[in-house]
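Letter by letter, the chains look like this.
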Amino acid sequence: MGGLSIGQVAERTGLSVHALRFYEREGLLADAVRRESNGRRVYTEDDVDWLNMCIKFRSSGMPLDTIRKYTELVRQGAGNEADRLALLKSHQDYVRAQIEELNECLNVITWKVDIYQEHVDAGTADGLWVTPSTQAASEAS
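Residues numbered from 1 in each chain as written. Predicted model: local features only at pLDDT ≥ 70, side-chain atom pairs only at ≥ 80, totals over all residues. Heavy atoms only, no water.

This part takes up the pattern of salt bridges. All told, the structure shown has 5 salt bridges when counted by the stated rule. Residue Arg 12 is joined to Glu 45 by a salt bridge in which the shortest nitrogen-to-oxygen separation is 2.6 Å. You can see Arg 12 sitting in helix H1 (residues 6-13) and its partner Glu 45 sitting in helix H3 (residues 45-59), a full 33 residues away along the chain. Assessed through its relative accessible area of 41%, Glu 45 is described here as partly exposed. In this structure, the salt-bridge partner of Arg 41 is Glu 24, at a minimum N-O distance of 2.5 Å. Within this pair, whereas Arg 41 is found in strand S2 (residues 41-42), its partner Glu 24 is found in helix H2 (residues 17-25), the two being separated by 17 residues in sequence. The structure contains a network of salt bridges with shared partners spanning Glu 24, Arg 35 and Arg 41. (Salt bridge = Lys/Arg side-chain N within 4 Å of Asp/Glu carboxyl O. Helix = DSSP H or I, 4+ residues; strand = E, 2+ residues; numbered from the N terminus. Buried < 20%, exposed > 50% of the residue type's maximum accessible area, 1.4 Å probe, protein only.)

Next comes the structure, spelled out in structure tokens:
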């Protein structure tokens, strides 16, 4: 029975070998990782898919405890789909709020870029955001 080595999985997921061992140790994989007779880990395509999903969860700010809880629910099998859905919806709300906050930040930055671009293009940028001490020194001279 074939499979993927830890190095292959690291390459395909972008996780380090150390991180893969950590995910396994922390119970974040849906299925137990099979071992060869010599003790080497053997991963499946399903493991890679699961890890890629976990990477997206982490990148979106989902805490490890929440990923672990979701994993445990999946391992339990049918019957807790409403719990899984609630967990995912809660995180979805969190991500949407983060996106909204980032969009507000982007709007402020875009506004400032536009102002600076106008002044740089017009040759009047030297007076933008002058600190009071700098302004007082230039007025005194």
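Val 9, Leu 20, Tyr 43 and Leu 51 are the most contacted members of the largest nonpolar core, which has 23 residues in total. Broken down by secondary-structure element, the contributors of at least two residues to this core are H1, H2, H3 and helix H4 (64-76). By residue number, the principal contributor to this core is H3, which donates 6 residues. Not counting the four nearest positions on each side in its chain, Leu 20 is found in contact with Ile 6, Val 9, Ala 10, Thr 13, Leu 15, Tyr 43 and Leu 51. (Core = buried A, V, L, I, M, F, W, Y, C linked by side-chain atoms within 4.5 Å. Contact = heavy atoms within 4.5 Å.)

Every buried residue belonging to H1 is among Ile 6, Val 9, Ala 10 and Thr 13, and all of these are buried. Burial along H1 is one-sided: seen end-on, the buried residues are contained in an arc of 105°. Elements in contact with the buried residues of H1: H2, S2 and H3. With its phi angle positive at about 85°, Gly 14 sits one or two positions after the end of H1. (Arc of directions from axis to C-beta.)

Along its 42 residues, helix H5 (residues 81-122) runs 60 Å from first to last C-alpha, staying within 8% of the 62 Å computed at 1.5 Å per residue. Looking at H5, one finds that the buried residues are Arg 84, Leu 87 and His 91. In this fold, the buried residues of H5 make contact with H3 and H4. Backbone geometry just downstream of H5 places Gly 123 in the positive-phi region, at approximately 75°. (Expected span 1.5 Å × (residues − 1).)

Attention now goes to the packing of H3 against H4. Two quantities define a packed helix pair, namely the angle between the helix axes and the distance between the axes. Relative to each other, H3 and H4 sit at 145°, their axes nearing to 10 Å. In this structure, H3 meets H4 at a crossing whose hand is right-handed. Residues Trp 50, Met 53, Cys 54, Phe 57 and Arg 58 of H3 pack against Leu 64, Ile 67, Tyr 70, Thr 71 and Val 74 of H4. Across the contact of H3 with H4, the residue classes tally to 8 nonpolar, 1 polar and 1 charged. (Axes fitted to C-alpha atoms, helices over the stretch in contact; angles between N-to-C directions. Left-handed = near helix turned anticlockwise from the far one by under 90°. Nonpolar A, V, L, I, M, F, W, Y, C, P; charged D, E, K, R; others polar.)

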